[in-house]
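Residue-level structural notes
Here's the letter readout for the chains.
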Amino acid sequence: MTKVFDVAVVGATGAVGETMLRILEQRDFPVRNLYPLASARSAGKEVLFKGRKYRIEDLAEFDFAKAQIGLFSAGGSISAEFAPKAAEAGCVVVDNTSHFRREPDVPLIVPEVNAHAIGGYTQRGIIANPNCSTIQMLVALKPLHDAAHIERINVATYQAVSGSGASAIRELADQTARLLNGKEIQPPESYPKQIAFNVLPHIDVFLDNGYTKEEMKMVWETRRILEDDSIQVNPTAARVPVFYGHSEAVHIETREKLTAARATELLSSFPGVTVLDTREPGGYATAVTEAADTDAVYVSRIREDISHPNGLDLWVVSDNVRKGAALNSVQIAEILIRDHL
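On a predicted model such as this, the values are computed, not experimentally measured, just so you know.

Each value, and the rule that gives it
- Residues numbered from 1 in each chain as written.
- Predicted model: local features only at pLDDT ≥ 70, side-chain atom pairs only at ≥ 80, totals over all residues.
- Heavy atoms only, no water.
- Buried < 20%, exposed > 50% of the residue type's maximum accessible area, 1.4 Å probe, protein only.
- Helix = DSSP H or I, 4+ residues; strand = E, 2+ residues; numbered from the N terminus.
- Pairing = 2+ DSSP bridges.
- Right-handed = clockwise from strand over helix to strand, strands pointing away.
- Expected span 1.5 Å × (residues − 1).
- Bend = angle between axes of the 7 residues up to and from the residue.
- Contact = heavy atoms within 4.5 Å.
- Axes fitted to C-alpha atoms, helices over the stretch in contact; angles between N-to-C directions.
- Salt bridge = Lys/Arg side-chain N within 4 Å of Asp/Glu carboxyl O.

1. Things to note about the pairing of strand β6 (residues 69–72)
The alternating pattern of β6 places I69 and L71 on one face and G70 and F72 on the opposite face, and all of these are buried. Across 4 bridges, the pairing between β6 and strand β7 (residues 92–95) is parallel. Bridging across to β7, F72 finds its partner in D95. Since β6 and β7 lie parallel, the crossover through helix α2 (residues 76–88) that links them has a hand, and here it is right-handed.

2. Notes on α2
Compared with an ideal rise of 1.5 Å per residue, which puts 13 residues at 18 Å, α2 spans 18 Å between its outermost C-alpha atoms and is within 8% of the ideal. The axis of α2 is deflected most strongly, by about 35°, at F82, and proline P84 appears within four residues downstream. Turning to α2, its buried residues are S79, F82, A83, A86 and A87. In the core, the buried residues of α2 are packed alongside β6, β7 and β8 (126–128). Two residues or fewer after α2 comes G90, characterised by a positive phi angle close to 95°.

3. With respect to the sheet that holds strand β1 (residues 5–10)
With parallel pairing, 6 strands are arranged side by side in an open sheet as β5-β2-β1-β6-β7-β8. What marks the edges here is a single partner per strand, and that holds for β5 (57–58) and β8. Two strands pair when backbone bridges link them, and strand β2 (residues 31–38) and β5 are joined in this way by 2 bridges, in the parallel orientation. What sits directly across from A38, in β5, is D58. Each of β1, β6, β7 and β8 is contacted by helix α9 (residues 322–339), which is oriented at about 165° to β6, the strand it contacts most.

4. Quick notes on the pattern of salt bridges
Any two side chains of opposite charge can pair, given that their charged atoms come close. Considering all chains together, one arrives at 21 salt bridges under this definition. D204 is paired through a salt bridge with K217; the nearest N and O atoms lie 3.1 Å apart. Placement of D204 in the loop between α5 (166–180) and α6 (213–225) and of K217 in helix α6 is noted, with a sequence separation of 13 residues between them. Looking at K217, the relative accessible area reads 11%, which means it is buried. One salt bridge connects E265 with R262, and the closest N-O pair in it is separated by 2.5 Å. Placement of the pair is E265 and R262 together in helix α7 (residues 260–268), with a separation of 3 residues, close to one helical turn.

Encoded structure:
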């Protein structure tokens, strides 16, 4: 008989929470009882799951002893307060915020890359979901690292506004509509400058070294997930006027020479990766045409770096709300119930 589980989804009304519910249904996760949770403001509203309506409960009043798995995506301060309470009540938390990612006793997991580390959840009862831009990059780089050992990564990201939440999506839509109708835009709120028809080389706060926190997350998380502190990572993170789907130009330098043909072969057989690379107009993946609302990490433009003997260049695209957040969390939960619970 199939084991079934009681699942709490924290932040059920947010973009990632709603997507988590859809993915739990699409992948037929063995849910016995579903507990959609949100702030008191959203309590009483309803969500649809497998054809049935579920009433959203107030997170602050929920007894986590009722659930074995908690999928959290309601912001770092919420996770900081409620994830330890849930874990204490016996509910294993998969947290999608940045709050626990640098804690050494909380596993930081990309299932295709380091699923073996999930067992470490027993220390705190919490598993952390990495940053969306790190997740898609490492799914693409894992088979290449295993084959030729990556020594250095240069990456520029082109990140969708959905990474900033619903208000940023509305801001891009509103600015675009106004500008196309010859109107002045309202003063920006989600971003420091106009995002419509623009590119902002700034995500998260600036740090003392001149990098932003989003950029440094990619450094810290890459080393931790690949379990190799010697890997040099040099990121630039930019926000672009795209609704869903992050794109990345990734340049790697490897210890052993890796040809473009061999890299293509390795990537084509790696779980979670779809290679789309025909070296002709349109023979590559983009955020809008391939990534949005799909699960794969797409890799295109695979070529040997003409400036470095052991260099390789890739274009990596994925849906930041699905693989970059909700799907990765559900995949972690699937391994958790298969191998550990």
